[in-house]
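Here is how the chains run, residue by residue.
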Amino acid sequence: FILGETCSALLLFISIMTMFMSGVVAIFEYDLKKIIALSTLSQLGMMMFSISLGLYELAFFHLLTHALFKALLFLCAGILIHGAGNTQDIRSFGGLSLNFPLVTVCMNLANLSLCGVPFLAGFYSKDLIVELACQYSWGIFVLLMMFICLSLTVLYSVRLTYLSFVGPYGGGTSISVCESDYSLVGPVVILSFTSLVSGPILSWLNFPAPVLIFLPVFLKWGALFFVGGSLLVMLSLQGLTYSYKWGAVSKFSGLMWFLPWLTGQGFSMKTLKNA
């Protein structure tokens, strides 16, 4: 490796913990923009995880595909916020698929691509990273954490879709006039098309020769098993995030595992309180 064995191991640990932390925090978050930002942080952790394994070209490939469907996700979120009376709280959404059918389809397409659903843009990069990572001998802990982080991505994506489009009406005001504005909807439709076709196109451009990967059956189906299992878990346990029993966990996650206090916020409050 160019980074060296020690630096690669350190980067591997930091990237795994970054993916895990951002996934757990996103499950208990209600701010739409923060959920998407935490999703971006998780995918950056995936890229650093790929670099720690020496898969630099795959990290760049995932950067390109992620840029397309994440831009689509941010644009759809902006339309929802604008159309829902400038609120970012997903608890005040609910049933927006009736007022925003086109945005619903496009945003769910971006979420599915983020989860790595087959034949969408995110699948071609994420699945290749996961399968090549399974060939490295870092131990069962690294593989298990990688699959758990993939499951967390599905969990907060399904939760976001449920609370925004499928769940009961949250009481906020919504207007559907946004979808008649072509300056808003036009880029969303274009990026939706790129989220469908960019995966194979960029794959052919970045990797002229096909990659053949041999793995045991349980590892080959591992990613699909964890994704499908987490989807079923989130659909069946949707109400857990509202239970009072999760208050301490939700507070701990909402404060980003107290990292702002440990890094700069606590120091700034002590030194700048008299400013």
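Residues numbered from 1 in each chain as written. Predicted model: local features only at pLDDT ≥ 70, side-chain atom pairs only at ≥ 80, totals over all residues. Heavy atoms only, no water.

Quick note on the threshold: UniProt positions are given in the numbering used here, feature names are shortened, and annotations may be inferred rather than shown by experiment.
As recorded in an unreviewed UniProt entry, the protein goes by NADH-ubiquinone oxidoreductase chain 5 and comes from Daphnia pulex. Recorded in UniProt for the protein, the comment headed Catalytic activity (unreviewed entry) runs: "a ubiquinone + NADH + 5 H(+)(in) = a ubiquinol + NAD(+) + 4 H(+)(out)". Among the UniProt annotations of the protein, the heading Subcellular location (unreviewed entry) holds the following wording: "Mitochondrion inner membrane".

**Considerations on the UniProt feature "transmembrane region" (unreviewed entry) in the protein**
Selection rule: Per the convention used, a helix needs a DSSP run of H or I reaching at least four residues, while a strand needs a run of E reaching at least two, with both numbered from the N terminus.
Feature annotation in UniProt places "transmembrane region" (unreviewed entry) on residues 7–28, 34–56, 63–82, 102–124, 136–158, 184–205 and 217–237, given in this structure's numbering. Summarising residues 63–82: 100% helix, 0% strand, and an end-to-end C-alpha distance of 28 Å. Between the end C-alpha atoms of residues 102–124 there is a gap of 25 Å, over a span that is 78% helix and 0% strand.

**Concerning the nonpolar core**
Put simply, the rule reads: Working definition of a nonpolar core: buried Ala, Val, Leu, Ile, Met, Phe, Trp, Tyr and Cys residues. They are joined through side-chain atoms within 4.5 Å. The buried label goes to any residue with under 20% of its type's maximum accessible area, the exposed label to any with over 50%, and the partly exposed label to all in between, with areas taken from a 1.4 Å probe on protein chains only. Should any heavy atoms of two residues lie within 4.5 Å, those residues are counted as being in contact.
Counting residues in hydrophobic clusters, the biggest one holds 38 residues, and the most contacted among them are Leu32, Leu72, Cys76, Leu80, Ile90 and Met107. Among the elements of the structure, helix 1 (5–27), helix 2 (32–52), helix 3 (56–83), helix 4 (101–115), helix 6 (140–166) and helix 7 (182–206) are those that each provide at least two residues to this core. Tallying contributions element by element places helix 3 first for this core, with eight residues. Here Leu80 is in contact with Leu96, Phe100, Val103, Met107 and Phe165, once residues within four sequence places are set aside. Core analysis: the second largest hydrophobic core is formed by 28 residues, Ala133, Met145, Phe207 and Leu219 among them.

**Comments concerning the layout of surface pockets**
Applicable threshold: Method remark: on a 1 Å grid restricted to protein atoms, a set of points is classed as a cavity if a 1.4 Å probe fits but cannot get out and as a pocket if it is open with protein on both sides within 12 Å along at least five of seven lines; lining residues have an atom within 4 Å of a point. Grid points are joined across faces, edges and corners, and a volume is the space filled by probe spheres set on the points. Residues are grouped as follows: nonpolar covers Ala, Val, Leu, Ile, Met, Phe, Trp, Tyr, Cys and Pro; charged covers Asp, Glu, Lys and Arg; every other residue, Gly included, is treated as polar.
Taken as a whole, the largest pocket encloses approximately 550 Å³ of empty space. Residue assignment for the lining of the largest pocket shows that the elements contributing at least two residues are helix 4, helix 5 (121–133), helix 6 and helix 9 (222–236). Ranked by the residues each element gives to the lining of the largest pocket, the list is headed by helix 6, at six residues. Here the residues of the lining of the largest pocket sort into 16 nonpolar, five polar and four charged.

**Regarding the pattern of salt bridges**
We count it as follows: Salt bridges are defined by distance alone: a side-chain nitrogen of Lys or Arg within 4 Å of a carboxyl oxygen of Asp or Glu.
Summed over the entire model, instances satisfying the criterion amount to one salt bridge. Across the pair Asp89 and Arg91 runs a salt bridge, and its minimum N-O distance is 3.0 Å. We classify Asp89 as partly exposed; its relative accessible area is 25%.

**A few points about a nonpolar patch on the surface**
Applicable threshold: Residues forming no salt bridge and having over 30% relative accessible area are the ones grouped into patches, like charges within 9 Å of each other and nonpolar side chains (Val, Leu, Ile, Met, Phe, Trp, Tyr) within 5 Å. Note that accessible areas follow from Shrake-Rupley with a 1.4 Å probe, and for residues the cover is restricted to the protein chains shown.
Together, Leu10, Phe13 and Ile14 make up a nonpolar patch on the protein surface, roughly 310 Å² of accessible area in all. By secondary structure assignment, the location of Phe13 is in helix 1.

**Section: unusual backbone geometry**
Most of the time, phi is negative for any residue but glycine, and the peptide bond is trans. Phi angles above zero are rare outside glycine, and Phe119 is one such case at about 75°. In this fold, Phe119 is placed in the loop between helix 4 and helix 5. A relative accessible area of 60% means that Phe119 is categorised as exposed.

**Quick look at the environment of Ala59**
Among the structural elements, Ala59 can be located in helix 3. Looking at Ala59, the relative accessible area reads 7%, which means it is buried. The spacing of Ala59 and Ser125 is 66 residues in sequence and 8.2 Å in space, taken between C-alpha atoms. The contact partners of Ala59, leaving out residues within four places of it in the chain, are Met47, Ser50 and Ile51.

**Considering the packing of helix 3 against helix 5**
The condition is simple: To get an axis, fit a line to the C-alpha atoms, keeping to the stretch in contact for a helix; angles then go from 0 to 180 degrees between the N-to-C directions. Any angle that falls under 35 degrees is termed roughly parallel, while one over 145 is termed roughly antiparallel, one within 65 to 115 roughly perpendicular, and all others oblique. Two helices cross in a left-handed way if the nearer one is turned anticlockwise from the farther one by less than a right angle. They cross in a right-handed way if the turn is clockwise.
For the pair helix 3 and helix 5, interaxial distance at closest approach is 8 Å and the crossing angle is 150°. Taken together, helix 3 and helix 5 sit at an angle that is classed as roughly antiparallel. As for the relative orientation of helix 3 and helix 5, their crossing is left-handed in sense. Facing Leu58, Phe61, His62, Thr65 and Phe69 of helix 3, the residues of helix 5 in contact are Ala121, Gly122, Tyr124, Ser125, Lys126, Leu128, Ile129 and Leu132. Of the residues contributing to the contact of helix 3 with helix 5, the split by class is eight nonpolar, four polar and one charged.

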